[in-house]
Amino acid sequence: MINKLDAEFKPVQDELGQTAARLRTMQDEINKLQQGNPAATPQQIQAKIDQFDEQKKAYNRKGEDAKAAYAKRRAELLNPLQEDIGKALNAFGKAHGVMMILDGSQLPLIYAADGVDVTKAFIAEYNARNPATTAATPRP
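The structure reproduced in this document is the subject of the present report.

Topic: the pattern of salt bridges
A full pass over the atoms with the stated rule returns seven salt bridges. Across the pair Lys-48 and Glu-29 runs a salt bridge, and its minimum N-O distance is 2.7 Å. Separated by 19 residues along the polypeptide, Lys-48 in helix H2 (residues 42–95) and Glu-29 in helix H1 (residues 2–34) bring together distant segments of the chain. With a closest N to O distance of 3.8 Å, Lys-57 and Glu-54 form a salt bridge. With Lys-57 and Glu-54 both in helix H2 and three residues apart, the pair spans about one turn of that helix. Salt bridges sharing common partners tie together Glu-8, Arg-73 and Glu-76.

Here it is in structure tokens:
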């Protein structure tokens, strides 16, 4: 799913990369002009700076829009899976008498006994009930 999402946003990412390279080139040109190019007038330098500022603003806006669109699309793709896993975790906990399931990636765990970690058992059970998702499930 993430590969599909990344591929979907690759054109925008490539365009942002190209724009960033153009902005670096423009900044270098401005620096050279400001370091005493006798042929450049202050008006020419200011015009170049203004052009750079406008392009940088557009670049920043496009980057923010792309970031928001990526987050929205990521949520659209992953929320159904996360809801399904949440329901499966609830069912697993009830079926196995588990009183609490903590997400170790979200909470700092200092210590947990091996017998407390139900990750492998849950993944095995979930994959057995959802064989189509087996390839997409990361292995511990």
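What follows picks up the thread again.
Notes on the nonpolar core
Of all hydrophobic cores here, the largest spans eight residues; its members are Leu-23, Met-26, Ile-30, Leu-33, Ala-40, Ile-45, Ile-49 and Phe-52. Looking at this core, the elements that each hand over two or more residues are H1 and H2. With residues near it in sequence (within four places) discarded, Leu-23 still touches Phe-52, Gln-55, Lys-56 and Tyr-59. Counting residues in hydrophobic clusters, the runner-up holds five residues, among them Ala-88, Phe-92, Phe-122 and Tyr-126.

Focus: helix H3 (residues 119–129)
Among the residues making up H3, those that are buried are Phe-122, Ile-123, Tyr-126 and Asn-127. Buried residues of H3, seen end-on, are gathered within an arc of 125° and therefore sit on one face of the element. In H3, those exposed residues whose orientation departs by more than 90 degrees from the buried face are Lys-120, Ala-128 and Arg-129. The inward-facing, buried residues of H3 contact H2.

Observations regarding a nonpolar patch on the surface
A cluster of nonpolar side chains, contributed by Met-99, Met-100, Leu-102, Leu-107 and Leu-109, occupies part of the molecular surface with about 590 Å² of accessible area. Mapped onto the fold, Met-99 is located in the loop between H2 and H3.

Observations concerning the packing of H2 against H3
Relative orientation and spacing of two packed helices are given, respectively, by the angle between their axes and the distance between those axes. Between H2 and H3, the shortest axis-to-axis distance is 11 Å and the interhelical angle comes to 115°. Judged by the inter-axis angle, H2 sits roughly perpendicular to H3. Our pair here, H2 against H3, has a crossing hand that is right-handed. Side by side, H2 and H3 meet where Leu-81, Asp-84, Ile-85, Ala-88, Leu-89 and Phe-92 of the first sit next to Ala-121, Phe-122, Glu-125 and Tyr-126 of the second. Considering only residue class, the contact of H2 with H3 consists of eight nonpolar, no polar and two charged.

Here is what the cut-offs are and how they apply
- Sequence positions are assigned chain by chain, starting from 1 and proceeding in written order.
- Reporting in this predicted model follows two pLDDT cut-offs: at least 70 for local features of residues, and 80 or more for side-chain atom pairs to be given and counted; totals over whole chains, interfaces and linings ignore these cut-offs and use all residues.
- The side-chain numbers reported here are obtained from all heavy atoms of the structure, hydrogens and water having been left aside.
- Should a side-chain nitrogen of Lys or Arg be within 4 Å of a carboxyl oxygen of Asp or Glu, the pair is scored as a salt bridge.
- Each helix is a run of DSSP H or I of at least 4 residues and each strand a run of E of at least 2, with the numbering of both proceeding from the N terminus.
- Only buried Ala, Val, Leu, Ile, Met, Phe, Trp, Tyr and Cys residues count toward a nonpolar core, and they belong to the same one when joined by side-chain atoms within 4.5 Å.
- Type-normalised accessible area, obtained with a 1.4 Å probe on protein chains alone, sets the label of each residue: buried when under 20%, exposed when over 50%, and partly exposed for intermediate values.
- Throughout, a residue-residue contact means that at least one pair of heavy atoms, one from each residue, lies within 4.5 Å.
- The arc in question is the one traced by the directions running from the helix axis out to the C-beta atoms.
- Patch members must show over 30% relative accessible area and no salt bridge, and they are joined within 9 Å when carrying like charges or within 5 Å when they are nonpolar side chains of Val, Leu, Ile, Met, Phe, Trp or Tyr.
- Surface exposure here means Shrake-Rupley accessible area, sampled with a 1.4 Å probe, where a residue is shielded only by the protein chains that are shown.
- Between N-to-C directions, angles span 0 to 180 degrees; the directions come from axes that are lines fitted to C-alpha atoms, helices contributing only their stretch in contact.
- By the definition adopted for this analysis, an angle is roughly parallel if under 35 degrees, roughly antiparallel if over 145, roughly perpendicular if from 65 to 115, and oblique otherwise.
- When the near helix sits turned anticlockwise from the far one by under a right angle, the crossing is termed left-handed; a clockwise turn instead gives a right-handed crossing.
- By the convention adopted, Pro, Cys, Tyr, Trp, Phe, Met, Ile, Leu, Val and Ala count as nonpolar, Lys, Arg, Asp and Glu as charged, and the other residues, Gly among them, as polar.

Limitation: the analysis is restricted to geometry and does not speak to function.
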